[in-house]
Amino acid sequence: MVQGTTSDAGKSTLVAGLCRVFHRHGQRVAPFKPQNMALNSAVTRDGGEIGRAQALQAVAAGLEPRIDFNPVLLKPSSDTKAQVIIQGKALTSLEAAAFFGPESSDYKAAAMQAVLASWHRLQQEFDWLLIEGAGSPAEINLRQGDIANMGFAETVDCPVILIADIDKGGVFAHLVGTLALLSESEQARVKGFVINRFRGDISLLQSGLDWLEAHTGKPVLGVLPYLDALHLDAEDALVQTTAQSQGAATEQPVTAQSARAQSETTQSERTGTRLRVGVLVYPRISNHTDFDPLRLHPDIEFYYIGPTHQGELPGLDLLLLPGSKNVRADLAFIRQQGWDKGIARHLRYGGKLIGICGGFQMLGHSIADPLGLEDLPGTSQGLGYLPLTTELQAEKQLLNVSGTLRLGQSSASVSGYEIHCGASWIPDQCTQPLLLNERGSDANCASATEPAKITEPAKTTKLAKITVPAQIAAVRSEGLLSEDNQILGSYLHGLFDSPEACELLLAWAGMTASQGHAVDINQQRQQQLDRLADVLEQHLDFNKIINIFKEEDQGDR
């Protein structure tokens, strides 16, 4: 089990890299995270929902994501409230005290039962399970009934590797302090340390490593270098670094002054320059990995537009409204920031606008939450750009889909997934640019390798619910395209993942054919995992790591 001294110490990345290393050496290995708290998630092959990091780790191990890899997922909808997903299915939303306070025993008992059931199923199938902890095991206020770190490790009797991020500073204090806050049995469970994100001359660190081993009696299993431009799916946090030197898109901060100047620059005045693409960042943004293909595109100037920027938006060719875990609250935030006026100005200047999932719902006339699934019950007025109304419903749609995107006379294959509680309705004669089917169904329709044979985008002929479960209608039209061809909305996550679909959407947004080709995000993911595995094999002591596994196997016998 990999545990960290802090959040973002490198647990997810280390587990993903180890999965790829052992997979390359022919081991049947699988990832496992008992409890995750994240807003980036994925749909599994068995129709559930797990954290994005575990889906990435599954890919690293040569597996399709499945529910058992992350049996408990918490998706915050506010500072004190989160949706609980157990073995892939959303159950309820609970206040923070119900997770961690004195009244949490019932939840934790039920969650641990689900965690152990998944653990035992995976044990029967795989040689080794690589477990990821959550946060830090030294959060003493959360120790009672812990299922995410040492509580789980003690229950199943597994060894622990402790990882710390030296780039944050104070790495020896992090490691020694964390160890000191553990019980004796937990301390004995820690078999070694990994130091992550080291820059510089390793010889300058050696005396510290020697002291750490002498002081704790535990080995340093390796020091991993800082990897520039390692592009892997983020578990939650937005990627803010600039990677221009690697040929990737430049990510720019947005100031009020720069926004004002850029907003007065029309697209025609920027002919021959990079396409400017911006994503609004609201408090409960989810599945922002949708935009990784744009963030890494060599001919895109990419912006995350965050809460420090109010009022005018920068001059953009394409503005994106991402998913949200609390759509009505994030819609209110957009208005508080004055971004609704910025969106209107963007459209007046001819910019294109895309909303995905929650962002799609915001573009409609209204969003109703009668059951209070995300916040207090009520209805909010949408931005009013697309003719749809949405109601949040208790049953969440979880689908892996593929199909065809058609814009004008051009079409491209798409493949992705849907995760949403909202059911949306549209009036007749609305253009729906996507034709989708559930991946794995036997329906004769669009697939990633055989685009649907349609000559025009689908149009509805009556009042239609556009979120039809695949078991009722395997083939369905999806999304909306405005009459003026300026605004597009869809529930499809992964809309830009297919290079062909990405190029089609960027051409729609104004990118010329002479500019660069889209990034194949799936191919890039595999390349980056191999790069990570190469680094681990070079810098970790795998003899010691294999011995840790062997000791565990002997203990199991």
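Residues numbered from 1 in each chain as written. Predicted model: local features only at pLDDT ≥ 70, side-chain atom pairs only at ≥ 80, totals over all residues. Heavy atoms only, no water.

This paragraph deals with the side chain of Asp-146. Following the sequence through the fold, Asp-146 ends up in the loop between strand S9 (128-131) and helix H5 (150-156). Put simply, Asp-146 is tucked away with no salt bridge, and the nearest opposite charge, on Arg-143, sits 6.0 Å away. Of note is the side chain of Asp-146, whose polar atom sits 3.1 Å from the backbone nitrogen of Asn-149. A polar atom in the side chain of Asp-146 sits 3.1 Å from the backbone nitrogen of Met-150. Excluding residues within four positions of it along the chain, Asp-146 makes contact with Met-112, Gly-151 and Phe-152. (Helix = DSSP H or I, 4+ residues; strand = E, 2+ residues; numbered from the N terminus. Buried < 20%, exposed > 50% of the residue type's maximum accessible area, 1.4 Å probe, protein only. Lys, Arg positive; Asp, Glu negative; His and termini not counted. Salt bridge = Lys/Arg side-chain N within 4 Å of Asp/Glu carboxyl O. Polar contact = N/O pair within 3.5 Å; in protein donor to acceptor, adjacent residues only side chain to side chain. Contact = heavy atoms within 4.5 Å.)

The two faces of a sheet get side chains in turn, since along a regular strand they alternate between them. Two elements, strand S20 (residues 366-369) and strand S21 (residues 378-381), share 4 bridges in a ladder whose sense is antiparallel. The residue bridging Ser-366 from the neighbouring strand is Gln-381, located in S21. In this structure, S20 lies alongside strand S22 (residues 389-407), joined through 3 bridges in parallel fashion. Paired with Ile-367 across the two strands is Thr-390, which belongs to S22. (Pairing = 2+ DSSP bridges.)

We now examine the environment of Asp-127. As for its placement among the helices and strands, Asp-127 is situated in the loop between helix H4 (105-125) and S9. Accessibility expressed as a relative area gives 35% for Asp-127, which makes it partly exposed. Along the chain, Asp-127 and Val-29 lie 98 residues apart, while their C-alpha atoms are 5.9 Å from each other. With residues near it in sequence (within four places) discarded, Asp-127 still touches Gln-27 and Arg-28.

This part is about the packing of helix H1 (residues 11-24) against helix H2 (residues 52-60). Where H1 meets H2, the closest approach of the two axes is 8 Å, and the angle between their N-to-C directions is 20 degrees. By the angle class used here, H1 and H2 are roughly parallel. The interaxial crossing formed by H1 with H2 has right-handed handedness. Contact residues: H1 offers Ser-12, Val-15, Ala-16, Cys-19, Arg-20 and His-23, while H2 offers Ala-53, Leu-56, Gln-57, Val-59 and Ala-60. Per-class residue counts for the contact of H1 with H2 are 7 nonpolar, 3 polar and 1 charged. (Axes fitted to C-alpha atoms, helices over the stretch in contact; angles between N-to-C directions. Parallel < 35°, antiparallel > 145°, perpendicular 65-115°, else oblique. Left-handed = near helix turned anticlockwise from the far one by under 90°. Nonpolar A, V, L, I, M, F, W, Y, C, P; charged D, E, K, R; others polar.)

Ordered by their spatial adjacency, 4 strands build an open sheet running S1-S10-S11-S12, and the pairing between neighbours is parallel. Either end of the sheet is taken by a strand with one partner, and the two such strands are strand S1 (2-4) and strand S12 (220-225). On average, adjacent strands in this sheet sit at an angle of 25 degrees to one another, irrespective of strand direction. Where strand S11 (residues 190-198) and S12 come together, 4 bridges link them in parallel fashion. Counted as the bridge partner of Phe-198 is Pro-225 from S12.

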